[in-house]
Amino acid sequence: MTTQGGAPALFEECRIVRAHGELGRQTVAPLAGALAEARAARPGRLLLIVDLSAATFTDCSILTPLCDAWYDCRARSGWLRVVYRNHTTGLVFRCTGLLDRFPAYASAQDAWEGRTADPGAVDPPRRPA
């Protein structure tokens, strides 16, 4: 997993953290670091979009950094929204009871506008041929 360009991008008044590849116990540190950097970079109200649309795999390792950032955003009268299409990401949120906290957004623009993805927008698991 790597974050694009290291530092979080700025989307109007909102920070965007992008990650791709596999996000597991051994590879979640760059995402956690980018989230911490985004939270530290802006005093006051914090609006944060986490774009996981290029993540090929996620496990519950993403929960601690995402929940920490979510609590921080809420305490600062802001929000955190997650862009994802991967079935495993949705499954992590569903199985841990956090799907209401982290619904899927199809794009950063949709997350910015608060428009959640249709339930069918998350890619279903692929079955071997």
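Here's a quick rundown of the structure. (Residues numbered from 1 in each chain as written. Predicted model: local features only at pLDDT ≥ 70, side-chain atom pairs only at ≥ 80, totals over all residues. Heavy atoms only, no water.)

### Overview of the side chain of R81
Phase 1: Looking at the secondary structure, you find R81 in strand β5 (residues 79-83).
Phase 2: The buried charged residue R81 lacks any salt bridge, with E113 as its nearest oppositely charged partner at 9.0 Å.
Phase 3: Here the side chain of R81 touches A111 through a polar contact of 2.6 Å, landing on its backbone oxygen.
Phase 4: Contact partners of R81, with chain neighbours within four places excluded, come to L48, I49, V50, Y105, A111, W112, E113 and G114. (Helix = DSSP H or I, 4+ residues; strand = E, 2+ residues; numbered from the N terminus. Buried < 20%, exposed > 50% of the residue type's maximum accessible area, 1.4 Å probe, protein only. Lys, Arg positive; Asp, Glu negative; His and termini not counted. Salt bridge = Lys/Arg side-chain N within 4 Å of Asp/Glu carboxyl O. Polar contact = N/O pair within 3.5 Å; in protein donor to acceptor, adjacent residues only side chain to side chain. Contact = heavy atoms within 4.5 Å.)

### What to know about the packing of helix α1 (residues 29-41) against helix α2 (residues 63-75)
Phase 1: Look at α1 against α2: their axes get within 9 Å of each other, and the N-to-C directions meet at 10°. One way to sum up the angle between α1 and α2 is to call them roughly parallel. Touching A32, L35 and R39 of α1 are P65, L66, D68, A69 and D72, all from α2.
Phase 2: Taken together, the residues that form the contact of α1 with α2 break down as five nonpolar, no polar and three charged. (Axes fitted to C-alpha atoms, helices over the stretch in contact; angles between N-to-C directions. Parallel < 35°, antiparallel > 145°, perpendicular 65-115°, else oblique. Nonpolar A, V, L, I, M, F, W, Y, C, P; charged D, E, K, R; others polar.)

### Side note on the packing of aromatic side chains
Phase 1: The final tally for this structure, using the stated rule, is four aromatic pairs.
Phase 2: Centroid distance W70 to Y71: 5.1 Å. Interplanar angle 80°. Geometry classified as edge-to-face.
Phase 3: Relative accessible area serves as the criterion here: at 15%, W70 is assigned to the buried category.
Phase 4: Since its relative accessible area comes to 48%, Y71 is described here as partly exposed.
Phase 5: The positively charged end of R81 is found above the aromatic ring belonging to W79, 3.8 Å away from the centroid. (Phe/Tyr/Trp six-rings, centres within 6.5 Å; stacked < 30°, edge-to-face > 60°. Lys NZ or Arg CZ within 6 Å of the ring centre and 35° of its normal.)

### Here we look at the state of the cysteines
Phase 1: Counted according to the given criterion, the structure contains zero disulfides.
Phase 2: Considering cysteine sulfurs only, C73 is the nearest to C14, which forms no disulfide, with 8.6 Å between them. (Disulfide = S-S within 2.5 Å.)

### Describing the environment of A32
Phase 1: Mapping A32 onto the fold places it in helix α1.
Phase 2: Along the primary structure A32 and S61 are separated by 29 residues, whereas in three dimensions their C-alpha atoms are 9.7 Å apart.

### Digging into the pattern of salt bridges
Phase 1: As enumerated under the stated definition, the model contains five salt bridges in all.
Phase 2: Close ionic contact of D72 with R76 constitutes a salt bridge, the shortest N to O distance being 3.2 Å.
Phase 3: R115 is paired through a salt bridge with E113; the nearest N and O atoms lie 2.5 Å apart.
Phase 4: With relative accessibility at 43%, the residue R115 sits in the partly exposed group.

### What about the pairing of β5?
Phase 1: By the criterion of burial, β5 is predominantly enclosed, with five of the five residues buried.
Phase 2: Here β5 shows two buried faces, one formed by W79, R81 and V83 and the other by L80 and V82.
Phase 3: Where strand β4 (residues 47-58) lies against β5, five bridges are found, and the strand directions are parallel. Along β5, the bridge assignment pairs V50 with V82.
Phase 4: Alignment of β5 against strand β6 (residues 104-105), held across two bridges, turns out to be parallel. The residue of β6 that forms the bridge with V82 is A104.
Phase 5: Between the parallel elements β5 and β6, the chain passes through helix α3 (residues 87-95) in a crossover that is right-handed. (Pairing = 2+ DSSP bridges. Right-handed = clockwise from strand over helix to strand, strands pointing away.)

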